[in-house]
Amino acid sequence: MSVKLSACIVAYNNYEDIKAAITSMEQFTSPELPKRIYIVDNGVAISSPSDVEEFKNWIEGYSDVEYIDAGQNLGFGKGHNTVLDKLDSEYHAIVNPDILFCEDAFSKIIAWMDEHNDVGMVIPDIRDEFGKRQLVYRDELTVFDMFVRFFCKGLFPKRIKKHTLQDKDYSKPFQVPFGQGSFLVVRTDLFMKLKGFDDNFFMYVEDADLCKRVNQVSKLMYFPWARVIHKWEKGSHGNKVLFKYHVQSMKYYFKKWGVKWS
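Residues numbered from 1 in each chain as written. Predicted model: local features only at pLDDT ≥ 70, side-chain atom pairs only at ≥ 80, totals over all residues. Heavy atoms only, no water.

Looking at the overall build of the protein
Defined as follows: Under the scheme used here, helices are H or I runs from DSSP no shorter than 4 residues and strands are E runs no shorter than 2 residues, and both carry numbers assigned from the N terminus. As defined in this context, the radius of gyration uses C-alpha atoms, and a globule is described by 2.2 Å times the residue total to the power 0.38. The charge count treats Lys and Arg as positive and Asp and Glu as negative. His and the chain ends do not count. We put the charge of a Lys on NZ, of an Arg on CZ, of an Asp on CG and of a Glu on CD.
When you go through the protein residue by residue, the secondary structure sums to nine helices and 11 strands. A compact globule built from 262 residues should have a C-alpha radius of gyration of about 18 Å, and the protein, at 18 Å, falls within 12% of that. Each principal axis of the C-alpha distribution contributes one length, and for the protein these read about 50 × 45 × 35 Å. With 35 positive and 36 negative side-chain charges, the protein shows a spacing of 10 Å between the two charge centroids.

Take a look at the structure:
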(Lines give C-alpha, C1' and ligand atoms only; values in the text may rest on other atoms or scores of the structure.)
Protein backbone atom coordinates (compact mmCIF):
# COMPACT_ATOMS: atom_id res chain seq x y z
CA MET A 1 0.00 0.00 0.00
CA SER A 2 1.43 3.36 -1.04
CA VAL A 3 1.77 5.88 1.81
CA LYS A 4 3.04 9.44 2.10
CA LEU A 5 5.47 8.52 4.88
CA SER A 6 7.36 5.45 5.98
CA ALA A 7 9.58 5.30 9.05
CA CYS A 8 12.05 2.80 10.44
CA ILE A 9 13.33 2.20 13.97
CA VAL A 10 16.07 -0.36 14.64
CA ALA A 11 15.57 -2.17 17.94
CA TYR A 12 18.25 -3.73 20.15
CA ASN A 13 16.78 -4.85 23.46
CA ASN A 14 15.23 -1.42 24.05
CA TYR A 15 11.52 -2.15 23.69
CA GLU A 16 10.37 0.34 26.32
CA ASP A 17 12.09 3.21 24.53
CA ILE A 18 10.49 2.15 21.24
CA LYS A 19 7.06 1.91 22.84
CA ALA A 20 7.46 5.50 24.04
CA ALA A 21 8.66 6.63 20.60
CA ILE A 22 5.76 5.00 18.76
CA THR A 23 3.20 6.15 21.32
CA SER A 24 4.32 9.76 20.95
CA MET A 25 4.55 9.45 17.16
CA GLU A 26 0.99 8.15 16.96
CA GLN A 27 -0.25 10.76 19.41
CA PHE A 28 1.16 13.79 17.61
CA THR A 29 1.20 12.79 13.92
CA SER A 30 -1.90 13.83 12.02
CA PRO A 31 -4.21 10.91 11.13
CA GLU A 32 -4.50 12.58 7.72
CA LEU A 33 -0.86 11.68 7.02
CA PRO A 34 -0.81 8.06 5.75
CA LYS A 35 2.21 6.31 7.21
CA ARG A 36 3.86 2.93 7.74
CA ILE A 37 6.31 2.29 10.60
CA TYR A 38 8.81 -0.57 10.49
CA ILE A 39 10.51 -1.95 13.57
CA VAL A 40 13.62 -3.95 12.64
CA ASP A 41 14.67 -6.04 15.64
CA ASN A 42 18.44 -6.63 15.77
CA GLY A 43 18.36 -7.91 19.33
CA VAL A 44 16.09 -10.95 19.49
CA ALA A 45 19.04 -13.18 20.43
CA ILE A 46 19.84 -11.14 23.56
CA SER A 47 16.25 -10.38 24.57
CA SER A 48 14.12 -12.66 26.69
CA PRO A 49 11.51 -14.57 24.64
CA SER A 50 8.75 -13.24 26.87
CA ASP A 51 9.84 -9.64 26.28
CA VAL A 52 9.95 -10.20 22.52
CA GLU A 53 6.49 -11.77 22.52
CA GLU A 54 5.04 -9.03 24.70
CA PHE A 55 6.50 -6.37 22.41
CA LYS A 56 5.14 -8.06 19.28
CA ASN A 57 1.70 -8.29 20.90
CA TRP A 58 1.91 -4.61 21.82
CA ILE A 59 2.75 -3.68 18.21
CA GLU A 60 -0.34 -5.50 16.98
CA GLY A 61 -2.37 -2.73 18.58
CA TYR A 62 -1.23 -0.42 15.77
CA SER A 63 -2.38 -1.19 12.24
CA ASP A 64 0.37 0.95 10.71
CA VAL A 65 3.32 -0.68 12.52
CA GLU A 66 5.14 -3.76 11.19
CA TYR A 67 7.63 -5.87 13.18
CA ILE A 68 10.61 -7.46 11.41
CA ASP A 69 12.94 -9.96 13.10
CA ALA A 70 16.37 -9.30 11.55
CA GLY A 71 17.59 -12.71 12.72
CA GLN A 72 20.90 -11.27 13.92
CA ASN A 73 22.50 -7.99 14.88
CA LEU A 74 22.93 -6.35 11.48
CA GLY A 75 24.16 -3.06 12.88
CA PHE A 76 22.52 0.34 12.50
CA GLY A 77 22.75 1.04 8.77
CA LYS A 78 22.20 -2.49 7.53
CA GLY A 79 19.27 -2.80 9.92
CA HIS A 80 17.66 0.25 8.36
CA ASN A 81 18.43 -1.07 4.88
CA THR A 82 16.35 -4.16 5.65
CA VAL A 83 13.21 -2.23 4.69
CA LEU A 84 14.48 -0.85 1.37
CA ASP A 85 12.60 -3.41 -0.72
CA LYS A 86 9.42 -2.74 1.26
CA LEU A 87 9.27 1.02 0.81
CA ASP A 88 6.37 2.41 -1.18
CA SER A 89 6.29 5.94 0.18
CA GLU A 90 7.15 9.47 -0.84
CA TYR A 91 9.19 10.24 2.27
CA HIS A 92 11.10 7.99 4.63
CA ALA A 93 12.13 8.73 8.21
CA ILE A 94 15.15 7.32 10.01
CA VAL A 95 14.19 7.40 13.69
CA ASN A 96 16.20 6.39 16.74
CA PRO A 97 14.48 4.40 19.51
CA ASP A 98 15.16 7.24 21.97
CA ILE A 99 13.22 9.88 20.01
CA LEU A 100 10.05 11.40 21.47
CA PHE A 101 7.52 13.55 19.63
CA CYS A 102 6.14 16.72 21.19
CA GLU A 103 4.30 18.02 18.10
CA ASP A 104 3.36 16.93 14.58
CA ALA A 105 6.90 17.19 13.26
CA PHE A 106 6.34 14.95 10.25
CA SER A 107 3.51 17.00 8.75
CA LYS A 108 5.50 20.23 9.06
CA ILE A 109 8.63 18.74 7.51
CA ILE A 110 6.80 17.07 4.64
CA ALA A 111 4.77 20.17 3.80
CA TRP A 112 8.01 22.17 3.56
CA MET A 113 9.80 19.53 1.50
CA ASP A 114 6.80 19.39 -0.87
CA GLU A 115 7.49 23.07 -1.60
CA HIS A 116 11.30 22.71 -1.85
CA ASN A 117 12.14 20.13 -4.47
CA ASP A 118 15.86 20.83 -4.21
CA VAL A 119 15.89 19.50 -0.63
CA GLY A 120 16.55 15.77 -0.43
CA MET A 121 16.76 15.30 3.32
CA VAL A 122 15.83 17.25 6.46
CA ILE A 123 17.00 17.26 10.05
CA PRO A 124 14.70 19.22 12.41
CA ASP A 125 15.27 21.07 15.67
CA ILE A 126 16.45 18.27 17.97
CA ARG A 127 16.37 19.03 21.70
CA ASP A 128 17.19 17.11 24.85
CA GLU A 129 14.61 16.40 27.54
CA PHE A 130 15.33 19.78 29.15
CA GLY A 131 14.77 21.78 25.98
CA LYS A 132 18.43 22.39 25.08
CA ARG A 133 19.30 22.11 21.40
CA GLN A 134 21.62 19.18 20.84
CA LEU A 135 24.91 19.43 18.96
CA VAL A 136 23.79 17.12 16.17
CA TYR A 137 24.53 19.52 13.30
CA ARG A 138 28.14 19.24 12.20
CA ASP A 139 30.72 20.14 9.64
CA GLU A 140 32.34 17.40 7.57
CA LEU A 141 34.39 14.91 9.54
CA THR A 142 38.11 15.41 9.97
CA VAL A 143 40.69 13.34 11.84
CA PHE A 144 41.42 16.27 14.12
CA ASP A 145 37.78 16.82 15.06
CA MET A 146 37.33 13.14 15.87
CA PHE A 147 40.48 13.17 18.00
CA VAL A 148 39.28 16.25 19.89
CA ARG A 149 35.85 14.70 20.41
CA PHE A 150 37.22 11.56 22.04
CA PHE A 151 40.35 12.70 23.82
CA CYS A 152 40.55 16.51 24.18
CA LYS A 153 37.03 17.82 24.66
CA GLY A 154 37.96 20.59 27.05
CA LEU A 155 41.04 21.80 25.20
CA PHE A 156 39.71 23.14 21.90
CA PRO A 157 36.39 24.91 22.59
CA LYS A 158 36.60 27.11 19.48
CA ARG A 159 37.25 24.12 17.26
CA ILE A 160 34.35 22.18 18.80
CA LYS A 161 32.11 25.21 18.34
CA LYS A 162 33.10 25.41 14.68
CA HIS A 163 32.67 21.67 14.04
CA THR A 164 29.22 21.61 15.67
CA LEU A 165 28.04 24.68 13.73
CA GLN A 166 27.24 26.65 16.87
CA ASP A 167 27.59 30.01 15.09
CA LYS A 168 24.73 29.26 12.67
CA ASP A 169 21.41 31.09 12.85
CA TYR A 170 19.05 28.34 14.03
CA SER A 171 15.97 30.46 13.45
CA LYS A 172 16.08 29.73 9.71
CA PRO A 173 16.96 26.79 7.43
CA PHE A 174 20.55 26.18 6.35
CA GLN A 175 22.42 23.38 4.61
CA VAL A 176 24.06 20.85 6.93
CA PRO A 177 27.17 18.90 5.88
CA PHE A 178 26.54 16.17 8.49
CA GLY A 179 23.37 15.70 10.53
CA GLN A 180 23.49 13.08 13.27
CA GLY A 181 21.29 10.14 12.29
CA SER A 182 18.90 10.10 15.24
CA PHE A 183 16.13 11.71 13.18
CA LEU A 184 16.27 12.33 9.45
CA VAL A 185 13.52 12.60 6.84
CA VAL A 186 14.63 11.75 3.30
CA ARG A 187 12.85 11.50 -0.03
CA THR A 188 12.27 7.78 -0.48
CA ASP A 189 13.30 7.73 -4.12
CA LEU A 190 16.60 9.41 -3.19
CA PHE A 191 17.19 7.01 -0.30
CA MET A 192 16.61 4.06 -2.62
CA LYS A 193 18.75 5.57 -5.39
CA LEU A 194 21.60 5.85 -2.89
CA LYS A 195 20.88 2.25 -1.76
CA GLY A 196 20.36 3.46 1.77
CA PHE A 197 23.24 3.33 4.21
CA ASP A 198 26.61 1.86 3.28
CA ASP A 199 26.50 -1.67 4.69
CA ASN A 200 30.24 -1.59 5.36
CA PHE A 201 29.58 0.49 8.47
CA PHE A 202 28.40 -1.70 11.34
CA MET A 203 27.83 1.14 13.82
CA TYR A 204 28.69 4.85 13.83
CA VAL A 205 29.66 7.29 11.04
CA GLU A 206 27.22 5.70 8.57
CA ASP A 207 25.07 8.80 9.06
CA ALA A 208 27.97 11.08 8.09
CA ASP A 209 28.49 8.98 4.98
CA LEU A 210 24.81 9.12 4.02
CA CYS A 211 24.67 12.88 4.54
CA LYS A 212 27.73 13.37 2.36
CA ARG A 213 26.18 11.31 -0.44
CA VAL A 214 22.87 13.20 -0.15
CA ASN A 215 24.67 16.53 -0.35
CA GLN A 216 26.50 15.44 -3.48
CA VAL A 217 23.25 15.16 -5.44
CA SER A 218 20.78 17.23 -3.39
CA LYS A 219 20.69 19.09 -0.06
CA LEU A 220 20.45 18.13 3.59
CA MET A 221 18.77 21.05 5.31
CA TYR A 222 18.18 22.03 8.92
CA PHE A 223 14.47 22.75 9.43
CA PRO A 224 13.78 25.04 12.41
CA TRP A 225 9.99 24.82 12.54
CA ALA A 226 9.64 21.23 13.74
CA ARG A 227 11.01 19.86 17.00
CA VAL A 228 11.63 16.40 18.43
CA ILE A 229 13.17 15.26 21.71
CA HIS A 230 16.21 13.00 21.73
CA LYS A 231 17.26 11.29 24.95
CA TRP A 232 20.62 10.39 23.34
CA GLU A 233 22.66 7.80 25.22
CA LYS A 234 26.24 8.18 23.98
CA GLY A 235 27.09 4.50 23.96
CA SER A 236 30.67 4.52 22.62
CA HIS A 237 31.97 6.84 25.33
CA GLY A 238 33.47 4.62 28.05
CA ASN A 239 32.54 1.36 26.31
CA LYS A 240 35.58 -0.34 24.79
CA VAL A 241 33.66 -2.54 22.35
CA LEU A 242 31.54 0.32 21.01
CA PHE A 243 34.58 2.59 20.88
CA LYS A 244 36.29 -0.06 18.74
CA TYR A 245 33.32 0.00 16.32
CA HIS A 246 33.54 3.78 16.22
CA VAL A 247 37.25 3.73 15.34
CA GLN A 248 36.74 1.03 12.69
CA SER A 249 33.96 3.09 11.10
CA MET A 250 36.08 6.24 11.05
CA LYS A 251 38.95 4.34 9.40
CA TYR A 252 36.61 3.05 6.71
CA TYR A 253 35.06 6.50 6.22
CA PHE A 254 38.43 8.20 5.65
CA LYS A 255 39.56 5.35 3.40
CA LYS A 256 36.41 5.78 1.33
CA TRP A 257 36.39 9.58 1.11
CA GLY A 258 40.05 10.42 1.64
CA VAL A 259 41.71 11.56 4.82
CA LYS A 260 40.86 15.11 5.84
CA TRP A 261 43.14 15.98 8.72
CA SER A 262 41.76 19.35 9.80
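Examining the nonpolar core
Heads up, the rule is: For this analysis, a nonpolar core means a set of buried residues of the types Ala, Val, Leu, Ile, Met, Phe, Trp, Tyr and Cys, connected via side-chain atoms within 4.5 Å. Remark: exposure states derive from per-residue accessible area (1.4 Å probe, protein chains only) relative to the maximum for the residue type, with buried under 20%, exposed over 50%, and partly exposed in between. By the convention used here, residues are in contact when the closest approach between their heavy atoms is within 4.5 Å.
Core analysis: the largest hydrophobic core is formed by 81 residues, its most contacted members being I39, F106, Y137 and F183. Non-local contacts of I39, meaning those with residues more than four positions away in its chain, are made with I9, A11, I18, I22, F55, I59, V65, E66, Y67 and I68.

Quick look at the pattern of salt bridges
Spelled out, the test is: Salt bridge, as used here, is a side-chain nitrogen of Lys or Arg placed within 4 Å of a carboxyl oxygen of Asp or Glu.
The tally for this structure, following the rule as stated, stands at 21 salt bridges. For E90, the salt bridge identified is with K4, shortest N-O distance 2.9 Å. In this pair, E90 is assigned in strand 4 (residues 89-95) and K4 in strand 1 (residues 3-11), connecting sequence segments 86 residues apart. E103 is the partner of K108 in a salt bridge, and the nearest nitrogen-oxygen pair spans 3.0 Å. Taking relative accessible area as the criterion, K108 reaches 38% and is therefore assigned partly exposed.

A few points about the side chain of D209
Stated formally: Any pair of nitrogen or oxygen atoms within 3.5 Å is treated as a polar contact; in protein, a donor-acceptor pairing is required on top of that, and neighbouring residues in sequence qualify only through side-chain atoms on both sides.
Structurally, D209 can be placed in helix 8 (residues 206-217). Taking relative accessible area as the criterion, D209 reaches 0% and is therefore assigned buried. Here the side chain of D209 touches W257 through a polar contact of 2.8 Å, side chain to side chain. Beyond its immediate chain neighbours, meaning those up to four positions away, D209 contacts D198, F201, Y253, K256 and W257.

Points about unusual backbone geometry
Even without being glycine, N13 reaches a positive phi, approximately 60°. Following the sequence through the fold, N13 ends up in the loop between strand 1 and helix 1 (15-28). Look at Y204: it is not a glycine, yet its phi comes out positive at around 75°. Here Y204 shows up in the loop between helix 7 (188-193) and helix 8.

Looking at the packing of helix 8 against helix 9 (residues 240-257)
In plain terms, the rule: Axis definition: a line fit to C-alpha positions, over the contact stretch in the case of helices; interaxial angles, taken between N-to-C directions, run 0 to 180 degrees. Under this scheme an angle from 65 to 115 degrees is roughly perpendicular, one under 35 degrees roughly parallel, and one over 145 degrees roughly antiparallel; angles in between are oblique. When residues are sorted by character, Ala, Val, Leu, Ile, Met, Phe, Trp, Tyr, Cys and Pro go into the nonpolar class, Asp, Glu, Lys and Arg into the charged class, and all the rest, Gly among them, into the polar class.
It is the contact of helix 8 with helix 9, at a shortest axis distance of 11 Å, that shows an interaxial angle of 25°. Taken together, the axes of helix 8 and helix 9 are roughly parallel relative to one another. Between helix 8 and helix 9, the contacting residues are A208, D209, K212, R213 and Q216 on the first element and Y253, K256 and W257 on the second. Among the residues making up the contact of helix 8 with helix 9, the classes are represented as three nonpolar, one polar and four charged.

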